[in-house]
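# Geometric and topological summary
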Amino acid sequence: MAAIKHRRTALERVEKFISDTYFTDCNLRGRWATCWFKVELSIPSAWAGREVHFVWESDGEGMVWRDAQPVQGLTKEGEKTSYILTRSLKESEPHSLTLYVELACNGLFGAGKGSMIAPPDPDRRVTLSKAELVVFNRDVYELLVDLEILLDMAQLLGEENQRSFQALYTANQMVNVCDVMDPSTFPATRDLAAAIFSQRNGESQHTVHAMGHCHIDSAWLWPYEETIRKCARSWVTVVQLMEHNPELTFACSQAQQFEWVRRSYPGLYARIQDFVAKGQFIPVGGTWVEMDGNLPSGESMVRQFLQGQRFFQEQFGRICSEFWLPDTFGYSAQLPQLMHGCGIQRFLTQKLSWNLVNSFPHHTFFWEGIDGSQVLTHFPPGDSYGMHGRVEEVLKTVKNNKDKGRVNHSAFLFGFGDGGGGPTQKMLDRMKRMSDTDGLPRVQISTPDQLFSVLEKESSQLCTWVGELFLELHNGTYTTQAQIKKGNRECEQILHDVEVLSTLAVAQDKEFQYPASQLQQLWRLLLLNQFHDVLPGSCIQLVVEDALQYYTGEQGAWLAGPSRVGASPAWWGCRGSNPGTQSTLVLNTLSWERTEVISRPGPNGKETLGMSDLGVALVPHIKSAMEALPQVWVCDTCFWPFPKEDGSITMENGVISVCMDTMGHLISLRLMDFERESIANGCANQFALFDDVPLYWDAWDVMDYHLETRKPVTTMLKPLEVTLAGGLRGSVRFSLKVGKSSTLTQEIILDAMCPYLRFQTQVEWKEAHKFLKVEFPVNVRSTSATYEIQFGHLQRPTHWNTSWDWARFEVWAHKWLDLSEHGFGVALLNNCKYGASVHRNILSLSLLRAPKSPDSTADIGLHQFTYAVMPHQGSFQEAGVIQQAYSLNFPLHVVPASCAPCPAWSAFSVSSPAIVLETVKQAGAVPVSSAVVVRLYEAHGSTVTAWLQTSLPVKKAMLCDLLERPVGWGLSLEKQGLRLSFTPFRVLSVLLVLSC
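The rules behind each value
- Residues numbered from 1 in each chain as written.
- Predicted model: local features only at pLDDT ≥ 70, side-chain atom pairs only at ≥ 80, totals over all residues.
- Heavy atoms only, no water.
- Helix = DSSP H or I, 4+ residues; strand = E, 2+ residues; numbered from the N terminus.
- Buried < 20%, exposed > 50% of the residue type's maximum accessible area, 1.4 Å probe, protein only.
- Core = buried A, V, L, I, M, F, W, Y, C linked by side-chain atoms within 4.5 Å.
- Contact = heavy atoms within 4.5 Å.
- Pairing = 2+ DSSP bridges.
- Axes fitted to C-alpha atoms, helices over the stretch in contact; angles between N-to-C directions.
- 1 Å grid on protein atoms, 1.4 Å probe; cavity = no way out; pocket = protein on both sides within 12 Å on 5 of 7 lines; lining within 4 Å.
- Points joined across faces, edges and corners; volume = space filled by probe spheres on them.
- Nonpolar A, V, L, I, M, F, W, Y, C, P; charged D, E, K, R; others polar.
- Phe/Tyr/Trp six-rings, centres within 6.5 Å; stacked < 30°, edge-to-face > 60°.
- Lys NZ or Arg CZ within 6 Å of the ring centre and 35° of its normal.
- Salt bridge = Lys/Arg side-chain N within 4 Å of Asp/Glu carboxyl O.
- Expected span 1.5 Å × (residues − 1).
- Arc of directions from axis to C-beta.
- pLDDT = per-residue confidence, 0-100.

## Here's the deal with the environment of Val-466
- Relative to the helices and strands, Val-466 resides in strand 17 (residues 464–466).
- On the basis of relative accessible area, Val-466 is assigned to the exposed category, the value being 55%.
- Sequence separation of Val-466 and Trp-367 is 99 residues, and the distance between their C-alpha atoms is 6.1 Å.

Below is the structure:
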């Protein structure tokens, strides 16, 4: 199938299958530190008036220190192998001096052995091949650059182009004039080149806006700590260039990297601040890091902008006006609205040039999100953020531009990137010669603001792209490194809950201190781990270890937060508790009432179950579920797991009925009051294993041809058996062998009154280059399926009619996906998975991968995760799928209460089920400690008016943007609450000022 669909991938797949270099673990064949050097120099007096360089060549990245300050990065791969000691040696200058060189045991792209993305080589050695004092002949250098440009023009403009011949003849004449042994001939030789370069372009010529850039992955093939040094090496080189090239501009993103340099290299940071003030060193992007564009939650994306924009405002006196995300693996359709809310209406990236199947049709266009927000978007037509200032690159920038005729300007980002490096003097010198030379595009050193300002003036004829910017590559990153993804989801939930509870604690107890600084620190760690090579899992083992340690720190610090905050008698207004009475407090951090089974350890250490049907409730200590809450439980006990002679087991709970075979497959799944069968072919919850050998990018890619290798998991270790058969919960358990050496144990749980069946899963994963999924064939027919994204959802096709459809054979979702026809559907929920697909009538959730590069241990080990299946009548909106997915991800908190029972208390409620109250936090941008920010969004895709009700003592209310800056007029405080108007998927933030 894939061979017919895409010949290139099939050919390369076979090549890799017999390769003796790639994937040798499964095909047919078969820690970071630096050292220091002290360098004592003595410049000969005879070199007076000469330009003197210190040359250092090594296969490790280095940095020169002078007078206790970094002064120059050294990277052979980045064409930086010398430090200029003096441009013209004067007698008054010191002729003897001491330098220090800090050398890392890694190159620009890490320390992989044999391949760039190979795991780091622990036995890597660094070789210092040259350390010399030299006289630099600048006249020869300038001649070399002249001839390089002319030769490129002659070769690349083509024989049919007159300028090609002019450049060639000029270069030939220069060779005739130049006597390499007689420097006096050099000026006349250079005059010949200058005559060509001074011949100007016409007014209609395309303008290339050149901006220095240095994309530095905050972690990738090196750990976080090495990135700090990479930033210093790269940025000190940039400011050195700026000292002698005042026209140079440099666009630099990621507030986290600025913060690293601020803390570790204060002298360098002060120089950077000076150049920011001059308009040369330009902060861009507005986010804490260049995060993944798919997997972070909506609130996490808001915090990326909130933390980033606040940092830039505090440090440099302004926020960024453009979103800068050139290397991320796709872009959520909710991003345009989030940009607008954070003061940004411009966007730059280039990653969709990596599409494997379809070529994206535009380079400059308006991008429209799911709410209708639009941002002016530009993809540099050269399809790179690491140009070198060559003729070939500027010609490609014009030739490749898919919006010629609509706009006449485009970006050109020059400088070594990914592993740092940045611009070089030679790049600048090349572009100076091309600034306005007939036959070539006009090249001007520019800024992001200058580029977008002129594009805005030319924007009247631009096209509009609606919906997500889906990258047709790297879709294995939705699944790779499952523990990182689980940690991300859990920490997002923890921070949400702690902010809610801490905010309410402040409102109830004036002595309670909102932990603002601690929360900021924890948010910044979470945001750092959302960098686009960390959360996606495309990083080395050292980075994974760091990320998991950060998650563990957040969980350890705050997992007990609800208990500490919620049990405060002062918060709950409970005084004089009876020491002889033990109470249980149930805390609900969502904005709707929930009827759920809850559990807590009993006196004998065993789990005790109870039922909570309040938004926020104080429940007596439970001895037994049936005894404590008989009024809640009204169903007959016949719903409990009922084994049959063939080994199958049936469970019912008054809402749904399910029958499972001995291997845990769902034979039948029905709504009790709706006789329609949900399961097609009598076999859902089917695990399937696929071969998973991509073309090159191992941790990144899963190829379409993996679908041809599907093998159902059929080896049973332990048959289905009842594990809980009474009270408020029924459950069964079974175990399977997966692949050669992995095991899967699953407990299928049905709670009283719960509309979904829950699958609590444990996998001991020991495979290599395998992909594990779980499949649910359902009796639903629809040409599109719905997937949750940040603050909303979107539809994707369930067929492969076109190449655009087929390229989405593996997609991403957040907490749920749904396949519905009119009146009926089935949803699949999860608590930590992102990879998914719906083809025809089969809902599939991607569970685990096992790539070997750049982390040879990726995903090996124990995994625990939960997913659930929910059949429903009506639409997913009417059935409450969104709310149930939230409930699965935000469990009720059951904590001991230190006070006597008091009435249930609800802080917030919303009148419309279409509105989700996502966030409650203390405001950070207004000088009022008692101000609260409440963030809500429309989740159904509808236009609706809703009332926000709160029991907090609100004195004043107003709308604010996502940076928490008030916008518009104040909101009226009415008896019903605050009246809020929503259009589809609109995100609203409300600033509440509380009475002291």
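## Concerning the nonpolar core
- Counting residues in hydrophobic clusters, the biggest one holds 212 residues, and the most contacted among them are Phe-281, Leu-666 and Phe-776.
- Sort the elements by how many residues they give to this core and helix 6 (residues 224–244) lands first, with 10 residues.
- Beyond its immediate chain neighbours, meaning those up to four positions away, Phe-776 contacts Leu-666, Ala-684, Asn-685, Phe-759, Leu-828, Asn-841, Ile-842, Leu-843, Tyr-867 and Val-869.
- Counting 28 residues, the second-largest nonpolar core is a separate cluster that includes Ala-907, Val-910, Val-920 and Leu-978.

## With respect to the sheet that holds strand 7 (residues 128–136)
- One open sheet accounts for three strands, arranged 5-2-7; its pairing is antiparallel. For this open sheet the edge positions go to strand 5 (82–86) and strand 7, each flanked by a neighbour on one side alone. Going across the sheet, the axis of each strand differs from the next one's by a mean of 15°, ignoring polarity.
- Here strand 2 (residues 51–58) runs beside strand 7; their pairing, made up of eight bridges, is antiparallel.

## Some details on the layout of surface pockets
- Estimates place the volume of the largest pocket at around 1500 Å³.
- Along the walls of the largest pocket sit 46 residues, with Arg-758, Gln-760, Ser-887, Leu-888 and Pro-891 positioned nearest its centre.
- Mapped by element, the contributors of at least two residues to the lining of the largest pocket are helix 14 (482–508), strand 19 (596–601), strand 30 (729–738), strand 31 (742–751), strand 32 (757–765), strand 41 (861–873), helix 22 (881–889) and strand 42 (893–897).
- Here the lining of the largest pocket is built from residues that sort into 16 nonpolar, 18 polar and 12 charged.
- Counted as a void, the second largest pocket has a volume near 700 Å³.
- Around the second largest pocket, the lining comprises 26 residues; the ones closest to its centre are His-53, Glu-79, Ser-82, Ile-84 and Gln-425.

## What to know about the packing of aromatic side chains
- Counting across every chain of the model gives 41 aromatic pairs.
- Here Phe-109 and Trp-220 contribute two aromatic rings whose centre-to-centre distance is 6.5 Å and whose plane-to-plane angle is 90°, an arrangement assigned as edge-to-face. Taken as a pair, Phe-109 in the loop between strand 6 (96–104) and strand 7 and Trp-220 in the loop between strand 8 (207–213) and helix 6 lie far apart in primary sequence, 111 residues in all.
- Look at Phe-109 and you get partly exposed, because its relative accessible area is 26%.
- Taking relative accessible area as the criterion, Trp-220 reaches 5% and is therefore assigned buried.
- Ring centres of Phe-323 and Phe-347 lie 5.3 Å apart, and the angle between their planes is 20°; this geometry places the pair in the stacked category. With a gap of 24 residues between them, Phe-323 in strand 11 (residues 323–324) and Phe-347 in strand 12 (residues 346–348) connect regions that are remote in the sequence. Assigned by exposure class, Phe-323 and Phe-347 land together as buried.
- Here the aromatic cluster, defined as three or more aromatic residues joined through ring pairs, consists of Trp-235, Phe-250, Phe-258, Tyr-269, Phe-281, Trp-288, Phe-311, Phe-312 and Phe-316.
- Its end group placed over the ring of Phe-690, Lys-773 keeps NZ or CZ at 4.8 Å from the ring centre.
- Of note, Lys-833 hangs over the ring of Phe-865, and the distance from its end group to the ring centre comes to 4.4 Å.

## Points about empty space enclosed by the protein
- Here the largest cavity defines a volume of roughly 260 Å³.
- When residues of the lining of the largest cavity are traced back to their parent elements, those giving at least two are helix 9 (298–316), helix 14, strand 34 (784–789), helix 22 and strand 44 (915–922).
- In terms of residues, the lining of the largest cavity owes the most to one element, helix 14, which gives five residues.
- Across the lining of the largest cavity, the residue classes tally to seven nonpolar, nine polar and seven charged.
- Around the second largest cavity, the lining comprises 15 residues; the ones closest to its centre are Leu-356, Val-357, Glu-472, Met-703 and Phe-809.
- When the residues that make up the lining of the second largest cavity are grouped by side-chain class, the tally is eight nonpolar, four polar and three charged.

## Focus on the pattern of salt bridges
- Under the definition given, this model contains 44 salt bridges.
- Among the ionic pairs, Glu-148 bridges to Arg-430, the shortest N-O distance being 2.7 Å. Of this pair, Glu-148 sits in helix 3 (residues 138–156) while Arg-430 is found in helix 12 (residues 425–433), placing the two residues 282 residues apart along the sequence. In this structure, Glu-148 and Arg-430 share a single accessibility class: buried.
- With a shortest N-O distance of 3.6 Å, Lys-773 and Glu-810 are connected by a salt bridge. Taken together, the positions of Lys-773 in strand 33 (residues 770–777) and Glu-810 in the loop between helix 20 (803–806) and strand 36 (811–812) put the pair 37 residues apart, joining distant regions of the chain.
- Judged by its relative accessible area of 2%, Lys-773 is buried.
- Classification of Glu-810 by relative accessible area gives buried; the value is 0%.
- If you follow the salt bridges from partner to partner, you end up with Glu-61, Glu-226, Arg-229, Lys-230 and Arg-233 in one network.

## Focus: helix 5 (residues 186–197)
- Over its 12 residues, helix 5 runs 17 Å from end to end, which matches the ideal 16 Å to within 8%, given 1.5 Å per residue.
- Burial in helix 5 covers these residues: Phe-186, Thr-189, Ala-193, Ile-196 and Phe-197. Buried positions in helix 5, seen along its axis, are confined to an arc of 100° and lie on one side of it.
- Residues of helix 5 that are buried sit in contact with helix 3, helix 4 (162–177) and helix 12.

## Describing unusual backbone geometry
- The amide bond that connects Ser-853 to the next residue, Pro-854, takes the cis arrangement and shows omega of 5°.
- Looking at the secondary structure, you find Pro-854 in the loop between strand 40 (842–848) and strand 41.
- A positive phi angle, near 60°, is found at Asn-685, a position not held by glycine.
- In this structure, Asn-685 sits in the loop between strand 26 (674–677) and strand 27 (686–691).
- The backbone of Glu-964 shows a phi angle near 70°, a positive value even though the residue is not glycine.

## A word on the confidence of the model for the protein
- Here the protein averages 91 in pLDDT, while 90% of its residues score no lower than 70.
- The low-confidence segment residues 565–581, where pLDDT is below 50, has 41 contacts with residues more than four positions distant or belonging to other chains.
- Note on residues 615–638: pLDDT is under 50 here. Beyond four places in sequence and across chains, it has 47 contacts.

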